[in-house]
Amino acid sequence: MKFLPLIWHSLTRKKLRASLTFLSIVVAFILFGFLCAINEALVGGVAVAGADRLIVRDKVSIINMMPVTYKEKMERIPGVQLATHQTWFGGIYQDPKNFFMQNPVEPEVFLKMFPEFALPKDQLKVWLATRDGAVVGRKTAERFGWKIGDKIPLMSPIWPKTDNTQVWTFTLVGIYDGAEKRTDTTALFFRYDYFDEARIWGKGTVGWYSIRVKDPARAAEVVRAVDAEFENSANETKTEPERAFVQAWASQIGDITLIVSTILAAVFFTLLLVTGNAMAQAVRERTGELGVLKAVGFTNGRVLTMVLSEACLMTVVAGTLGLGLGWMIISRGDPTGGLLPMFALPFHHLLTGFAIAVALGVASGILPALHAMTLGVAEALRRI
Amino acid sequence: MNEPKPLAELRNVDKIFRRGSEDISVLRELDLDVRAGEFLALMGPSGSGKSTLLNLIGGLDQPTRGTVTISGENIATLPARRLADWRSRHIGFVFQLYNLLPTLTAEANVELPLLLTQLSKAERRRHVAVALEIVGLAHRHRHHPRQLSGGEQQRVGIARAIVTDPTFLLCDEPTGDLDRKAGDEILALLCALNRQGKTIIMVTHDPHASHAATRTIYLNKGQIADRPPE
């Protein structure tokens, strides 16, 4: 610690250069935070997907509806513990920009299938007693300032009602929270029986099924059994683990993780060159001073450590500040107005960022530090 | 009666520098004794090997051949790490251009050699205050080098050199960058330190400066000469 003021003064010797390098590192780490949050929002669902859940959809396309009667057949298949369904509603609240998912569901079975949605029991009771009742996640409720008892009008371009209107008005009877921090709490769910009765077309059909298997180790057998059950029917099925389904959904955009990693690699490589150059220049300019330190007794190893510490101090302080600023901005929520409901920067990404900052300091400082270490004292003093 | 053993003994010292394919012999079969409490002036023309000799005594460089024995220890063969440790305990350097770190205050500059010791912060502060008091700059301890005159900067340099109470004070042209008045003040300070028992070896071109020393030796073409070269 007693060397810290010396390291700090060496670092801030050329204030303009130090500030510019510092700023470039801060900006790079804000970008790192943002790209991690986008990656998390797009593929993070894969990590939270249930390991014991399967998704069953129409074999040709997910937009093809399937009979609601499949549910009973699925529940009879050995290895299936529970089955329920959802349907894409695609309603608009006031403005198309106010995007959030809305699906009709069977309340009780749905909540058993997805225990990550934590709805108070009294609110479930009211939901079961209210045909036009809906429950919404905490995030969306806070976003629009909704409270229980509010009427929520949604315009559905897909599902006109039997009264030839497109506006569906739901009574908000519950607000659920996420059982985990990473749970998406943006969706609105309402009752399938009300939906099926009130829509003009597609009655008796659903969008996709979720199945819970009794033994995740035997999920592959269940997948084959489900698809075999509906083979040669009007709606053949494609069954896959929920994780694979979410992965495939995200992959429609592209290999997001690869894209993000490539951009970050380019950013950090450039940063390595910028920081390394700044450090090399700083050491070159201080050759005489390093000679003085060695003359008064600083060993080569200590000089190496000091220059490396200088580089690490710069990257770690700037990197931490960048990560902190990024986290603060990201914590304000999804900047797209609903397209990235899981937009957040988990703690493990902050830790990764910190590790990158340390590695960047070592990598950018090692060559200048080795140069400083191997400088001959007499030779260095001649360069005053 | 036997004379006490010299503090520094150099025997058959050669120093050869290699410049490309050419070997340049800077010191040749040089023998020198320096006794404790001496104030020795090294004089000679440019390229005569004065600074190289000072560097060898100070452990900044090592001879190509020969031995450099200080307080009974041959430092010519010490590995770099032990040599650095040895320097921190035995040598205080005073440079012609002061060589202060510009971003540090006077007291922080003086404290530098003490960072290598086990002293606590309070103890370091105390030692620094004493050193600055000795050179008469206690009142300017918070000033940066750019806020000090050349003479004052050299005083800070001397305070840095004496703060660890080293065996030797090695001064390379300590008045070379100063006007006569400031130079005389520095010489007076060095004389005072010598009177208090400090062994000083000073390289200088200036005959006036050499008069402050208790002994003067001349170097010519890498060897000790009996009298000043013509």
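Residues numbered from 1 in each chain as written. Chains lettered and ligands numbered in written order. Predicted model: local features only at pLDDT ≥ 70, side-chain atom pairs only at ≥ 80, totals over all residues.

**Student:** Sorry if this is basic, but what is going on with the overall build of chain A here?
**Tutor:** Within chain A one finds 14 helices and 12 strands. Computed over C-alpha atoms, the radius of gyration of chain A comes to 29 Å, more than 25% over the 21 Å expected from 2.2 N^0.38 for 384 residues, which places it beyond the range of a compact globule. Out of the 384 residues in chain A, the part that is buried amounts to 38%. Restricting the contact set of chain A to residue pairs at least 6 apart, pairs at least 24 apart contribute 82%. (Helix = DSSP H or I, 4+ residues; strand = E, 2+ residues; numbered from the N terminus. Rg over C-alpha atoms; globule rule 2.2 N^0.38 Å. Buried ≥ 20, exposed ≤ 12 C-beta atoms within 10 Å, placed from the backbone. Contact = placed C-beta atoms within 7 Å.)

**Student:** Hey, could you run me through the overall build of chain B in this one?
**Tutor:** For chain B, the count of helices and strands is seven helices and 10 strands. Whereas a compact globule of 230 residues would reach a radius of gyration of roughly 17 Å, chain B reaches 18 Å, a difference of no more than 12%. Taken along the three principal axes of its C-alpha coordinates, chain B extends 50 × 45 × 40 Å. Within chain B, the proportion of its 230 residues that are buried is 49%.

**Student:** Would you mind showing me how to read the packing of helix α12 (residues 300-331) of chain A against helix α13 (residues 347-374) of chain A here?
**Tutor:** Axes are the key here: two packed helices are described by the angle between their axes and the distance separating the axes. Residue and element names in this part refer to chain A. One way to put it is that α12 packs onto α13 with a least axis distance of 7 Å and a crossing angle of 150°. When the axes of α12 and α13 are compared, the pair comes out roughly antiparallel. The handedness of the crossing between α12 and α13 comes out as right-handed. Its residues placed into classes, the contact of α12 with α13 shows 22 nonpolar, eight polar and one charged. (Axes fitted to C-alpha atoms, helices over the stretch in contact; angles between N-to-C directions. Parallel < 35°, antiparallel > 145°, perpendicular 65-115°, else oblique. Left-handed = near helix turned anticlockwise from the far one by under 90°. Nonpolar A, V, L, I, M, F, W, Y, C, P; charged D, E, K, R; others polar.)

**Student:** Looking at this structure, I do not really get the sheet that holds strand β4 (residues 65-70) of chain B. What am I missing?
**Tutor:** Each strand in a sheet pairs with another by means of backbone hydrogen bonds, the pair being arranged parallel or else antiparallel. Residue and element names in this part refer to chain B. Spatially, the four strands line up as an open sheet ordered β2-β1-β4-β5, and their pairing is antiparallel. With one partner strand each, in any of the chains shown, β2 (22-34) and β5 (73-74) form the two edges of the open sheet. Relative to β5, β4 runs antiparallel, the two sharing two bridges. Each residue of the ladder has a partner; that of Thr69, found in β5, is Asn74. Contacting β1 (8-19), β2 and β4, helix α1 (residues 50-57) runs over the sheet at an angle of about 120° to β1. (Pairing = 2+ DSSP bridges.)

**Student:** For this particular structure, what's the right way to read the sheet that holds strand β3 (residues 80-86) of chain A?
**Tutor:** Residues and elements named next belong to chain A. Strand order across the open sheet formed by four strands is β3-β11-β1-β12, with antiparallel pairing between neighbours. Each having just a single partner strand, β3 and β12 (237-241) make up the two edges of the open sheet. Averaged over all adjacent pairs, the angle separating strand axes in this sheet is 25°, with direction ignored. Here strand β1 (residues 53-58) runs beside β12; their pairing, made up of five bridges, is antiparallel. The partner of Val56 across the bridge, within β12, is Thr239.

**Student:** What should I look at first to understand the nonpolar core in this one?
**Tutor:** The nonpolar side chains of a soluble globular protein tend to be buried with one another. Counting residues in hydrophobic clusters, the biggest one holds 113 residues, and the most contacted among them are Leu42(B), Ala159(B), Leu169(B), Leu170(B), Ile200(B) and Ile201(B). A per-element tally of this core places helix α2 (residues 15-48) of chain A first, with 12 residues. (Core = buried A, V, L, I, M, F, W, Y, C linked by C-beta atoms within 7 Å.)

**Student:** Help me understand the domain arrangement of chain A, please; the structure alone is not making it clear to me.
**Tutor:** How big an interface is tends to be stated in terms of the accessible area lost upon association of its parts. As far as domains go, chain A holds domain 1 (4-45 + 254-382) and domain 2 (48-251). Each of domain 1 of chain A and domain 2 of chain A has a C-alpha centre, and the two are 46 Å apart. (Domains from an automatic or database assignment.)

**Student:** Explain the interface of chain B and chain A to me, please; I cannot follow it from the model alone.
**Tutor:** Each partner contributes to the interface: chain B provides 20 residues, whereas chain A provides 18 residues. Sort the elements by how many residues they give to the side of chain B that touches chain A and helix α2 (residues 80-90) of chain B lands first, with six residues. Across the side of chain B that touches chain A, the residue classes tally to 12 nonpolar, four polar and four charged.

**Student:** Hey, could you run me through the pairing of strand β9 (residues 215-220) of chain B in this one?
**Tutor:** Regular strands have side chains that alternate between both faces of the sheet. Residues and elements named next belong to chain B. Direction of pairing for strand β3 (residues 39-43) relative to β9: parallel, over a ladder of four bridges. Bridged to Ala41 within β9 is Thr216. Pairing analysis gives three bridges linking β9 to strand β10 (residues 223-225), with the strands arranged antiparallel. Looking at β10, one finds that Tyr218 is bridged to Ala225. Counting the residues in the hairpin turn of β9 and β10 gives two residues, including Lys221, whose phi is positive at 50°.

**Student:** What is the right way to look at the confidence of the model for chain A in this model?
**Tutor:** Per-residue confidence for chain A gives a mean pLDDT of 90, with 95% of residues at or over 70. Taking the mean pLDDT of every element in chain A, the minimum, 75, falls on helix α9 (residues 242-251) of chain A and the maximum, 97, on strand β9 (residues 188-191) of chain A. (pLDDT = per-residue confidence, 0-100.)

**Student:** How do you make sense of the confidence of the model for chain B when you look at a structure like this?
**Tutor:** Detailed conclusions should not be drawn from predicted coordinates in areas where pLDDT is low. Residues and elements named next belong to chain B. Per-residue pLDDT for chain B averages 91, and the proportion of residues at 70 or more is 97%. Mean pLDDT in chain B bottoms out at β10, which sits at 88, and peaks at helix α3 (residues 106-111), which reaches 96. Reported confidence for the predicted complex is 0.90 by ipTM and 0.72 by pTM.

**Student:** I keep staring at the environment of Phe93(B) and nothing clicks. Help me out?
**Tutor:** One can find Phe93(B) in strand β6 (residues 91-94). When the 26 C-beta atoms within 10 Å are taken as the criterion, Phe93(B) is described as buried. C-alpha separation for the pair Phe93(B) and Gly58(B), spaced 35 residues apart in sequence, amounts to 8.1 Å. If near-sequence neighbours (up to four positions away) are discounted, Phe93(B) is found in contact with Ala295(A), Gly58(B), Ala161(B) and Leu170(B).

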